Amino acid sequence: GIQVEQSPPDLILQEGANSTLRCNFSDSVNNLQWFHQNPWGQLINLFYIPSGTKQNGRLSATTVATERYSLLYISSSQTTDSGVYFCAVKTSGTYKYIFGTGTRLKVLA
Amino acid sequence: EAGVAQSPRYKIIEKRQSVAFWCNPISGHATLYWYQQILGQGPKLLIQFQNNGVVDDSQLPKDRFSAERLKGVDSTLKIQPAKLEDSAVYLCASSWGRPSPLHFGNGTRLTVT
């Protein structure tokens, strides 16, 4: 089955810093989502981005499906950005979303 | 728009007992998913429904887990009997259709002692 790996596994930032999170996948996908899991365990949709680039405030994401990766950019990080970031992918011909290994982010005040 | 509703939020049971979780998806969402998230790991799909039919249950431990989605709306996930390794957060998600984003509920945190 498809493998989904995220890097880095852990990241500590000072408030105000920028960061890039990466999601690599081993097969072609037709859907990709980025989620933020907050310290209370809630999974929050960030982006639905099977290809191209999207921006939402301080966050933006780019998926290059042909090269099998997606990037999540966080600018001017805030303590509320802390948590775990997951990408989830779905391949054509299957029905299920497979989650990546996650990046645990801690933003220090 | 109301989100995905799940209950209970927390449950503590002893091993070999049974437990059930309930999920009400976003209105109009045809696809419903149950995921298991063990501490420190990403969510793992247990079962996926399209309306009231099962489209994937390949990772559901069928000797102890069961799920149903009557009338294509609400769903229940049951564990009987529970084992210590079933301690996890059980997440329900829904989507409008297959090529559309997932929306998650707040989850049920299960502790098996």
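So, a few notes on the structure that sits alongside this text. Quick caveat: nothing in here was measured; it's all calculated off a predicted structure. (Residues numbered from 1 in each chain as written. Chains lettered and ligands numbered in written order. Predicted model: local features only at pLDDT ≥ 70, side-chain atom pairs only at ≥ 80, totals over all residues. Heavy atoms only, no water.)

1. Things to note about the overall build of chain B
In terms of helices and strands, chain B carries 0 helices and 11 strands. Shown N-terminal to C-terminal, the secondary structure of chain B runs as helices and strands in the order β-β-β-β-β-β-β-β-β-β-β. Its C-alpha atoms put chain B at 40 × 25 × 25 Å along the principal axes. For chain B, buried positions account for 46% of its 113 residues. Restricting the contact set of chain B to residue pairs at least 6 apart, pairs at least 24 apart contribute 52%. Split by element, the accessible area of chain B, about 5,600 Å² in all, is 50% carbon and sulfur. The distance from the centre of the 13 positive side-chain charges to the centre of the 9 negative ones in chain B is 3 Å. (Helix = DSSP H or I, 4+ residues; strand = E, 2+ residues; numbered from the N terminus. Buried < 20%, exposed > 50% of the residue type's maximum accessible area, 1.4 Å probe, protein only. Contact = heavy atoms within 4.5 Å. Areas by Shrake-Rupley, 256 points an atom, 1.4 Å probe, with all protein chains shown as cover. Lys, Arg positive; Asp, Glu negative; His and termini not counted. Charge placed at Lys NZ, Arg CZ, Asp CG, Glu CD.)

2. Thoughts on the overall build of chain A
When its secondary structure is counted, chain A shows 0 helices and 11 strands. Starting at the N terminus and walking to the C terminus, you meet the elements of chain A as β-β-β-β-β-β-β-β-β-β-β. For a compact globule of 109 residues, the expected C-alpha radius of gyration is about 13 Å, and chain A comes in at 13 Å, within 12% of that figure. With respect to the principal axes defined by its C-alpha atoms, chain A has extents near 45 × 25 × 20 Å. Expressed as a percentage of its 109 residues, the buried residues of chain A come to 49%. If you take every contact in chain A between residues at least 6 apart in sequence, the share linking residues at least 24 apart comes to 55%. For chain A, the accessible surface area stands at approximately 5,200 Å², while carbon and sulfur atoms represent 49% of it. Between the averaged position of the 8 positive side-chain charges in chain A and that of its 6 negative side-chain charges there is a distance of 6 Å. (Rg over C-alpha atoms; globule rule 2.2 N^0.38 Å.)

3. With respect to the state of the cysteines
Residues and elements named next belong to chain A. Inspection of the entire model under this criterion finds 2 disulfides over all chains. In this model C23 forms its disulfide with C87; the gap between the sulfur atoms is 2.1 Å. Judged by the sign of its S-S torsion, about 75°, the cystine formed by C23 and C87 is right-handed. Of this pair, C23 sits in strand β3 (residues 19-25) while C87 sits in strand β9 (residues 83-90), placing them 64 residues apart in sequence. (Disulfide = S-S within 2.5 Å.)

4. Re the environment of V19 of chain B
All names here are of chain B. For V19, the location among the structural elements is in strand β3 (residues 19-24). Its relative accessible area of 5% is what places V19 among the buried residues. Spatially, the C-alpha atoms of V19 and K78 are 5.7 Å apart, while their sequence positions differ by 59 residues. When neighbours within four sequence positions are excluded, V19 is seen to be in contact with K11, I13, L77, K78, I79 and L110.

5. Focus on the pattern of salt bridges
If the charged atoms of two oppositely charged side chains come close together, the side chains can form a pair. Overall, the coordinates contain 4 salt bridges over all chains when judged by the stated rule. With its nearest N and O atoms 3.8 Å apart, the salt bridge here joins D56 of chain B to K96 of chain A. Taken together, the residues D56 of chain B in strand β6 (residues 53-56) and K96 of chain A in the loop between β9 and β10 (98-99) connect one chain to another. Owing to a relative accessible area of 18%, K96 of chain A belongs among the buried residues under this scheme. One salt bridge in this structure joins D57 of chain B and K62 of chain B, with 3.7 Å as the shortest N-O distance. (Salt bridge = Lys/Arg side-chain N within 4 Å of Asp/Glu carboxyl O.)

6. Quick look at the environment of G57 of chain A
Residues and elements named next belong to chain A. With respect to the element layout, G57 can be found in the loop between β6 (52-56) and β7 (59-64). Accessibility expressed as a relative area gives 55% for G57, which makes it exposed. For the pair G57 and R104, spaced 47 residues apart in sequence, the C-alpha to C-alpha distance is 21 Å.

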